[in-house]
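# Geometric and topological summary
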Amino acid sequence: SYTCPGDEVEAVSTQSGKVSLEKIIHPSAQRQTPPCKHFTLCGGCSLQHLSPDLYRDFKIRLAQNAVQGAGYDTANVSALYEVGPQSRRRAEFKISVQKGVVRVGFYAPQSHQVVAGAECKVVTPRIMSVLIKIETLIASLKKPADYQE
């Protein structure tokens, strides 16, 4: 995760047999600065560090592998239909209420910890504007201090 072909990295093997990136020693020329400030904190976008060309090639190879795996010829899989930034029209927000603190956002990578934040470079701004409203609404639903069961 979070590496590019050509990166020189330091990594460690975990007890479960997975490899975890420790640091990038020399970045690849195919790497770009991720546009989102939540990159690596939020589990939504794990490929923002790839250059546009590398990203396109990666996505085309995924499609070709799926088509080939289904037993079909990959000759017709040649182009990627690209959409612009902040154009995704669906998002699944996660909600966490702990010790009276409401968080609405997305899960951190490989966890159920909610990363709150009102910024996303993928989802439409109209959808993201709802995030703060949801957080405010849920916070208003807290039991009053003088509530007795």
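What comes next is a walk through the structure. (Residues numbered from 1 in each chain as written. Predicted model: local features only at pLDDT ≥ 70, side-chain atom pairs only at ≥ 80, totals over all residues. Heavy atoms only, no water.)

Right, let's get into the overall build of the protein chain. Regarding its fold elements, the protein chain presents 2 helices and 5 strands. Tracing the protein chain from N to C terminus, the helices and strands come up as β-β-α-β-β-β-α. The C-alpha atoms of the protein chain give 20 Å as radius of gyration, which overshoots the globular expectation for 149 residues (15 Å, by more than 25%). For the protein chain, the spread of C-alpha atoms along the three principal axes comes to 65 × 35 × 30 Å. Residue pairs in contact within the protein chain that sit at least 24 positions apart in sequence constitute 42% of those at least 6 positions apart. With an accessible surface of roughly 11,100 Å², the protein chain has 51% of that area assigned to carbon and sulfur atoms. For the protein chain, the distance from the average position of its 18 positive side-chain charges to the average position of its 13 negative side-chain charges is 7 Å. (Helix = DSSP H or I, 4+ residues; strand = E, 2+ residues; numbered from the N terminus. Rg over C-alpha atoms; globule rule 2.2 N^0.38 Å. Contact = heavy atoms within 4.5 Å. Areas by Shrake-Rupley, 256 points an atom, 1.4 Å probe, with all protein chains shown as cover. Lys, Arg positive; Asp, Glu negative; His and termini not counted. Charge placed at Lys NZ, Arg CZ, Asp CG, Glu CD.)

What follows concerns the sheet that holds strand β4 (residues 101–107). Strand order in the open sheet formed by 3 strands is β3-β4-β5, with antiparallel pairing between adjacent strands. Single-partner strands in this sheet number two, and they are β3 (94–98) and β5 (114–116). Each strand of the sheet is rotated relative to its neighbour by a mean of 55°, with strand direction disregarded. Where β4 lies against β5, 3 bridges are found, and the strand directions are antiparallel. Within the sheet, the bridge partner assigned to Phe 106 lies in β5 and is Val 115. The strands touched by helix α2 (residues 125–140) are β3, β4 and β5; relative to β4, the strand with the most contacts, the crossing angle is about 150°. (Pairing = 2+ DSSP bridges. Axes fitted to C-alpha atoms, helices over the stretch in contact; angles between N-to-C directions.)

Looking now at unusual backbone geometry. Of note in this structure, Thr 40 is not a glycine but carries a positive phi near 75°. Secondary-structure assignment places Thr 40 in the loop between β2 (19–26) and α1 (52–69). Its identity is not glycine, yet Gln 86 carries a phi of approximately 50°, on the positive side. Topologically, Gln 86 is positioned in the loop between α1 and β3.

Now for the pairing of β4. As paired elements, β3 and β4 share 5 bridges and run antiparallel to each other. Note that in β4 the partner of Lys 94 across the bridge is Gly 105. Between β3 and β4, which pair antiparallel one after the other, the connecting turn spans 2 residues, and Lys 99 there sits at a positive phi close to 50°. With antiparallel pairing between neighbouring strands as the criterion, β4 and β5 make up a hairpin whose turn holds 6 residues, including Gln 110 at a positive phi of roughly 55°.

Within the largest apolar cluster, 9 residues are counted, these being Cys 42, Phe 93, Val 102, Val 104, Phe 106, Cys 120, Val 123, Met 128 and Leu 131. Elements represented by at least two residues in this core include exactly β4 and α2. In terms of residue count, β4 provides more of this core than any other element does, 3 residues in total. Dropping the residues within four chain positions of it, Phe 106 is found in contact with Cys 42, Ala 91, Glu 92, Phe 93, Lys 94, Gln 113, Val 114, Val 115 and Met 128. (Core = buried A, V, L, I, M, F, W, Y, C linked by side-chain atoms within 4.5 Å. Buried < 20%, exposed > 50% of the residue type's maximum accessible area, 1.4 Å probe, protein only.)

With that settled, consider the packing of aromatic side chains. A complete count under the given rule lists 2 aromatic pairs for this structure. Ring centres of Tyr 2 and Phe 39 lie 5.3 Å apart, and the angle between their planes is 85°; this geometry places the pair in the edge-to-face category. A residue pair is termed long-range when its members are at least 10 positions apart, and Tyr 2 in the segment before β1 (8–13) and Phe 39 in the loop between β2 and α1 qualify at 37 residues. By relative accessible area, Phe 39 is classed as buried at 13%. (Phe/Tyr/Trp six-rings, centres within 6.5 Å; stacked < 30°, edge-to-face > 60°.)

On to the environment of Glu 8, then. Among the structural elements, Glu 8 can be located in strand β1. Judged by its relative accessible area of 41%, Glu 8 is partly exposed. Along the backbone, Glu 8 and Ile 127 are 119 residues apart, and their C-alpha atoms lie at a distance of 38 Å.

As far as function goes, none of this settles anything; it's purely spatial.
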